[in-house]
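Examining the three-dimensional arrangement
Listed here are the chains, written in short residue letters.
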Amino acid sequence: MSTQLTGIAASAGIAISKAFRLETPDLTVEKKTIDTIDEEIQALDAALQTSKDELEKIKEKTRQDLGDEHAEIFSAHLLVLSDPELVDPIRQMIKDEKVNASFALNEIANQFVAMFEAMDNDYMKERAADIRDVSKRVLSHLLGKPIVSLAEINEEVVIIADDLTPSDTAQLNKKYVKGFATDIGGRTSHSAIMARSMEIPAVVGSKEVTDQADAGMNVIVDGLEGNVIINPSDDELAEYRQKLADYEEQKKEWAKLVNEPSKSKDGEHVELVANIGTPNDLEGVINNGAEGVGLYRTEFLYMGRDELPTEDEQFEAYKKVVETMDGKPVVIRTLDIGGDKELPYLDLPKEMNPFLGFRAIRLCLEKDDMFRTQLRALLRASTFGNLKIMFPMIATLDEFREAKALLEEEKSKLLSNGVEVSDNIEVGIMVEIPSTAVMAPQFAKEVDFFSIGTNDLIQYTFAADRMNEQVSYLYQPYNPAILRLVKMVIDASHAEGKWTGMCGEMAGDELAIPLLLGLGLDEFSMSATSVLPARSQISQMTKAEAQSIAEQALTLNTAEEVKQLVEKTFL
Ligand code: PEP
Ligand code: MG
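Rules behind the numbers
- Residues numbered from 1 in each chain as written.
- Chains lettered and ligands numbered in written order.
- Predicted model: local features only at pLDDT ≥ 70, side-chain atom pairs only at ≥ 80, totals over all residues.
- Heavy atoms only, no water.
- Helix = DSSP H or I, 4+ residues; strand = E, 2+ residues; numbered from the N terminus.
- Donors = N, O, S within 2.8 Å, 3.2 Å for Na, K, Ca; no water.
- Buried < 20%, exposed > 50% of the residue type's maximum accessible area, 1.4 Å probe, protein only.
- Phe/Tyr/Trp six-rings, centres within 6.5 Å; stacked < 30°, edge-to-face > 60°.
- Lys NZ or Arg CZ within 6 Å of the ring centre and 35° of its normal.
- Domains from an automatic or database assignment.
- Contact = heavy atoms within 4.5 Å.
- Buried area = accessible area lost by both parts, 1.4 Å probe.
- Salt bridge = Lys/Arg side-chain N within 4 Å of Asp/Glu carboxyl O.
- Polar contact = N/O pair within 3.5 Å; in protein donor to acceptor, adjacent residues only side chain to side chain.

**Thoughts on unusual backbone geometry**
- Positive phi, normally seen in glycine, also occurs at Lys207, with a value near 65 degrees.
- Position of Lys207 relative to the elements: it lies in the loop between β6 (202-204) and α8 (209-212).

This is the structure we're talking about:
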């Protein structure tokens, strides 16, 4: 008997493969008194050796897939494993106190972690993080509960997990990972967004997939409808193979539009651009015929490593993106860390409400050294193409003015040192916070452009955590409350001769596109894979039809009424 679960369609496509469960084992240790000291020491040595072998393999694979720099972290882990200052005291404790190896390992590792963390030195804090990671690995072997690493997958699978963090998602290898399904998450959680740019079919928020799918079971992930089918029958398999074939056909039709302009039926041009997380995503941008980059989420450059990227590393990444886009617009967003995107090495305190906390521009204005480094890298890259700078999570005019002043300061310093900087860099903000949408007429006098970040704007307008599937019904892009805010922003920008884009997921949503076109949105920035379907859709409607539907929608009462209106008219 098959089991069908319904979740949130997070990334289009269909995957049919064996389940691979990604789990974090329970590594709690118990203290035991032992009299078999030699056996405990042997067990410790064996666990150390297995961990070393494992790390060597992961390091080599990371080096091949992602390069030397990413592999460095595993060299640091290997050094910890061979460090007598850590390992000898563990052996000593087993002998002196006659305790089990797992207990001794945990005790000594915790002592080192606490000691390094207390030091006011970033290098030592990073060593604390290394020791914590490595000791977990050794402990997992001592307890016989090995930690499975995504980097080690070497056959075709569908990942089943409670949740995937953005850094887990970044490690997924498309060759083997055909899709994923999680218990928690929403359409705008970053793992979902990344799955779309990696073109990995995904369903999130299916609540109980980890209860239902055992390792090795056959699983279908239907990222088009948001369904997960566990142990499908032969009929279901045949049905989904057909659905997959139809989807591939549809993609071929869309692909014909790759070099076509994005125009409405009556010839009005709209800009269809793509969101990227890393320079590697540019291939998708180009293959899908996007007319530029509307959002480069630079935080991924800061993730999956154990220290801040240097100015030069950042400069190279930004330069690569603007150069590859060859004069087409590239909007680069300054660091937006926080919420579901963490940087362990910054050692920020745990927060009760991370999405409402010390994040993005708030953090950058406080840690201004880090921010200035990024601004310099951006300014230096500006001469290599059409680079625009965008600040995330702006809540007040003062924040914008402060960020802009830092940018101006860094620009003057670079110029006075003879470094070339473009003299027409547009500087804009994301509109993600209702206060900013309401104050758009005032902001419009000072910014060069707006880009509406609906993923956050919707969560803050409805006070509904974007990661929490229990409140995912409040992700309501078509609700007139959101449409009215969007209209306020667009109208305010046009009144000052500025432009408005949208880089939240709503911009690529087929039900929202007619409304946004009608409201006068200038630029639509979406996952690269949505560009061609959007181009096809826009070519089939006139601007006047879109305006009429948007006007009607603004007078309606609920998201459902708006949805029905659009469906009735266009789909
Ligand atoms: C948004 O909030 O809509 C947005 C594009 O930013 P992010 O998804 O990275 O928070
Ligand atoms: Mg956001």
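**Some remarks on the coordination of the magnesium ion (ligand 2)**
- Coordination of the magnesium ion (ligand 2) by the protein involves Glu432 (OE) and Asp456 (OD), with metal-donor separations of 2.0 Å. Taken as a pair, Glu432 in the loop between β13 (427-431) and α16 (434-438) and Asp456 in helix α18 (residues 454-461) lie far apart in primary sequence, 24 residues in all.
- Glu432 sits in the buried class, given a relative accessible area of 2%.

**So, the packing of aromatic side chains**
- Within the structure shown, the criterion is met by six aromatic pairs.
- Considering the side-chain rings of Tyr296 and Tyr318, the 5.9 Å spacing of their centres and the 80 degrees angle between planes classify their relative orientation as edge-to-face. Linking Tyr296 in strand β10 (residues 293-297) with Tyr318 in helix α12 (residues 311-324), this pair joins segments that are 22 residues apart in sequence. With respect to burial, Tyr296 and Tyr318 carry one shared label: buried.
- Seen from the ring of Phe384, Lys319 lies directly overhead, with NZ or CZ sitting 5.1 Å from the centre.
- For Arg380, the ring lying beneath its charged end belongs to Phe315, and the centroid distance is 4.3 Å.

**Observations regarding the domain arrangement of the protein chain**
- Under the domain assignment used here, the protein chain contains domain 1 (3-23 + 149-233), domain 2 (37-142) and domain 3 (268-570).
- Here domain 2 and domain 3 have C-alpha centroids that lie 41 Å from each other.
- Domain 2 puts seven residues into the contact, and the matching count from domain 3 is six residues.
- For the pair domain 2 and domain 3, the summed buried surface comes to about 540 Å²; carbon and sulfur atoms form 40% of the total.
- Between domain 2 and domain 3 we count zero salt bridges in total.
- Broken down by secondary-structure element, the contributors of at least two residues to the side of domain 2 that touches domain 3 are α2 (68-81) and α5 (122-142).

**Considering the side chain of Glu291**
- As for its position among the elements, Glu291 is in the loop between α10 (282-287) and β10.
- At 2.8 Å, the side chain of Glu291 forms a polar contact with the side chain of His269.

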